[in-house]
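Tertiary structure, described
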Amino acid sequence: MSVPTAAADQSVCAPLPVLGRDVTVPLVTGGEVTYAALDYAASAPALQRVWDDVAAYAPYYGSVHRGAGYLSQLSTDLFENARRTVAEFLDCRTGDQVVFTRSTTDSLNLLAAALPDGCEVFVFETEHHASLLPWRDARVTYLDAPDSPRRAVETLEHALAGRDPHGPALVCVTGASNVTGELWPVRELAAAAHAHGARIVLDAAQLAPHHPVSVRELDVDWVAFSGHKLYAPFGSGVLAGRSDWLREAEPYLAGGGASRRVGRRADGGVDVEWHDSAARHEAGSPNVIGAYAVASACKALTEAGFDTLIAREEQLIRTVREGLADVPEVRFLSLFGDDAPRVGVLSFVVEGWNSSHFAAALSAEYGIGVRDGLFCAHPLVRTLLGSDPQSQGECGAPEAAPGEKSLNAIRVSFGAGTPDEHVERFVRAVRELVRDGARWSYRTEDGRCVPDTSDRA
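Residues numbered from 1 in each chain as written. Predicted model: local features only at pLDDT ≥ 70, side-chain atom pairs only at ≥ 80, totals over all residues. Heavy atoms only, no water.

**Digging into the overall build of the chain**
Definition in use: Helix and strand labels come from DSSP, where a helix needs a run of H or I of at least four residues and a strand needs a run of E of at least two; each type is numbered from the N terminus. What the globule rule says is 2.2 Å times the number of residues to the power 0.38, and the radius of gyration is computed from C-alpha atoms. Partly exposed residues are those whose accessible area sits between 20% and 50% of the maximum for their type, while under 20% is buried and over 50% is exposed, using a 1.4 Å probe and protein chains only.
When its secondary structure is counted, the chain shows 13 helices and 19 strands. Taken against the 2.2 N^0.38 rule, which gives 23 Å for 457 residues, the C-alpha radius of gyration of the chain at 23 Å falls within 12% of a compact globule. Dimensions of the chain along its principal axes, counting C-alpha atoms only, are 80 × 55 × 45 Å. For the chain, with 457 residues in total, the buried portion stands at 55%.

Structure follows, in C-alpha cells:
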C-alpha cells in the first residue's frame, strides 16, 4: 500500500530547497529584500521536499489504527513506516522504541514521567530548559558548566562516583549547544554514565539536523529531537530508545490508543490493560502528517549526505568567524574555545550595543532574522556573559532601551537551506552597524526594541 510522494531532489548541491527562500520583506529604510532566515536553531524552514511529500499525502488522510477503510489502512501503514524510517535514521538497536511526540520538550517530559521511583538525575547547567527543567519530581544534581569536553566528562564522573550504583539514575546531555553550537563528547559521557550504573538521554534537537546521530554508536539509552528543527513543520517530535522504563511506566496520557482492553468491574470500577509498545504513550489520534513529515526529512537529509552538508556548513561558519575576526567589538560566546567543533550556531555580544537593538537593526535595515535574549538557556548564557547563572531572566527581549547595556546575547544560526548570500549579508551588516551605527531610530515597545516609524535617525 503506497501513497504518491514528491520526487526526491537527486542533486547533492547545497543549499537544499526550503520553503520561504523567495519571501521578500520590507525595509524600514525603504524598498524590499529577500528575507535572510538565520534563526535555524529556533526553527528551521521546512524542506521543499518535505512539504511536497506532505501535500501528496494530504488527500489520502485518514485516522490510524482504528478504521477498516482504505484511507485509514493506508494512513496506518504510512504512520508505522514513518516510525521505521526514524529508527533507521537514528540507527536504533533491536528492541528500541520510537515514540512520536510533539517536540523535544514533550519527549523529555515523557521520559521524566517514566522514571522509576527513586531515580537520580544528573544534568549540566548548560542545558536548554527543555532538558534542564522536566525532572522536578526526581532527585536532581545540577552540574557546573565545564570549560572543555574533557572537563565535562570529569565533572560527570565525579558526580556519579558518590551515588548508590544499585539505584536508578539518568544523565541528560545535549549533543550540540543551542547557544554556542559546540559539540559535546556524547560517547564519552555515555561511557561514564554506564560505568557508574546510570542511563543517559541525548537531547539531539540541535545535533540531528546537522550531524548523523547513531543511538548504537553513541551508546545512549534514549535520544530526543524535534521535527521543526529538522526541516519539518511544527508539532512533531521523537523519543527513541530503550523500551523497559517506557513499558513499565504509566501511560503519558490515558485514553484511546494507549489501552489494549478496557472493561467494567463488578464493583463499578474499570480495568485497563495498556499496550506495552510505543502506542502506550501515544494516546489519542496521533499527528500522522507530523510523523510523516519527520520521516520525509530524515530521508531527505540522508540522501543529501551528511558529509556534504557538514562540509558546507563548516564553510559558512568560517565565513562568519573570518568575516568578523577584525571587528574587536564583536565577542563570540564559547565554553570550549573558539576552535571547538560546532554546528551552525553562533552567539555573540557587540560592545556598546543592546542585543535587542542590534537584532532589531539587522531585521529592519537588512532583512535578516536572528535571535536575541537568553535562548531558553538562562544559566548557560549568564555564565558566558559573566553574570550570576542563578539569577532569573526572561526568555523574551530585554527591557533595556536602545543604547543601554543588557545581559543578553545575539544568536545567528543556519543549516542545510541557507544560501551563501544570507551569511555574507549578515557579515556585511554586522560590520556596517558596528562601524556606522543604525540608520534609523528605535524605541522599546512591550519589552522589544522596534523601529520608531515616527522619526528617522
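Alright, that's what it looks like, and here's the rest.
**Topic: the confidence of the model for the chain**
Note the following rule: Every residue gets a pLDDT, meaning the predictor's confidence in that residue, from 0 to 100. For this analysis, residues touch if any pair of their heavy atoms sits within 4.5 Å.
With 92% of its residues at a pLDDT of 70 or more, the chain has an overall mean of 91. Overall, residues 6–12 carries pLDDT values under 50, and its contacts beyond four positions in sequence, including any with other chains, amount to 9 contacts. In this model, residues 392–399 is a region of pLDDT below 50 whose contacts with residues beyond four sequence positions or in other chains number 25 contacts.

**Some remarks on the sheet that holds strand β14 (residues 345–350)**
Here is the rule: One requirement defines pairing of two strands: DSSP has to find at least two bridges between them. The angle between two axes is taken between their N-to-C directions and runs from 0 to 180 degrees, where each axis is a line fitted to C-alpha atoms and a helix contributes only its stretch in contact.
The 4 strands are arranged β13-β14-β17-β16 in an open sheet whose pairing can be described as antiparallel. Both outer strands of the open sheet, β13 (330–332) and β16 (371–373), are each paired with one neighbouring strand and no more. Within the sheet, the average angular offset between the axes of one strand and its neighbour, ignoring direction, is 30°. Two strands pair when backbone bridges link them, and β13 and β14 are joined in this way by 3 bridges, in the antiparallel orientation. Bridge pairing in β14 links F332 to F348.

**Side note on the packing of aromatic side chains**
The test is simple: Working definition: rings of Phe, Tyr and Trp (its six-membered ring) pair if their centres are within 6.5 Å, and the pair is stacked with planes under 30 degrees apart, edge-to-face with planes over 60 apart, and tilted otherwise. Any Lys NZ or Arg CZ found within 6 Å of a ring centre and within 35 degrees of that ring's normal is scored as a charge over the ring.
On inspection of all chains with the given rule, the structure shows 11 aromatic pairs. Ring geometry for W184 against F336: centres 5.4 Å apart, planes inclined by 55°, an arrangement best described as tilted. Here F336 lies in the loop between β13 and β14 and W184 lies in the loop between β7 (169–174) and α6 (186–195), a separation of 152 residues in the sequence. The residues W184 and F336 share a single accessibility class, namely buried. A cation over an aromatic ring shows up here: R321 above the ring of F332, its NZ or CZ 4.6 Å from the ring centre.

**Here's the deal with the side chain of R312**
In this fold, R312 is placed in helix α10 (residues 306–323). In this structure R312 comes out as buried when scored by relative accessible area, which is 16%.

**Quick word on the pattern of salt bridges**
Under the convention used in this document: Salt bridge, as applied in this entry: a Lys or Arg side-chain nitrogen positioned within 4 Å of an Asp or Glu carboxyl oxygen.
Counted under the stated rule, the structure contains 30 salt bridges. Measuring nitrogen to oxygen at the nearest pair gives 3.3 Å for the salt bridge that ties D53 to R49. With D53 and R49 both in helix α1 (residues 48–57), this residue pair falls 4 residues apart, about one helical turn. Comparing D53 with R49, the two get one shared label, buried. One salt bridge connects R261 with E273, and the closest N-O pair in it is separated by 2.6 Å. Residue R261 is found in strand β11 (residues 259–264), and its partner E273 is found in strand β12 (residues 270–274); the two are separated by 12 residues along the sequence.

**Some details on the sheet that holds strand β10 (residues 237–241)**
Strand order across the open sheet formed by 7 strands is β4-β10-β9-β8-β7-β5-β6, with mixed pairing between neighbours. Single-partner strands in this sheet number two, and they are β4 (97–101) and β6 (139–143). Direction aside, the axes of adjacent strands within the sheet are offset by 20° on average. The pairing of strand β5 (residues 120–124) with β7 spans 4 bridges and is parallel. Paired with E120 across the two strands is A169, which belongs to β7. Those strands touched by helix α2 (residues 70–89) are β4, β9 (222–226) and β10, and its axis lies near 115° from that of β4. Across the face of the sheet, helix α5 (residues 149–161) comes into contact with β5, β6 and β7 while running at roughly 160° to β5.

**Let's talk about the state of the cysteines**
Where we set the bar: Counting rule for disulfides: a pair of cysteine sulfur atoms within 2.5 Å.
Applying the stated criterion across every chain yields a total of 0 disulfides. Counting only cysteine sulfurs, C172 is the nearest neighbor of C119, a cysteine outside any disulfide, at a range of 11 Å. The buried category is assigned to C119, whose relative accessible area is 4%.

**With respect to α1**
The line we're drawing: The directions from the helix axis to the C-beta atoms form the arc being described.
Of the residues making up α1, those classed as buried are R49, V50, D53, V54 and Y57. Within α1, the buried residues cover an arc of 135° as seen down the axis, which keeps them to one side. Residues of α1 that are buried in the fold lie against α2 and α9 (288–304).

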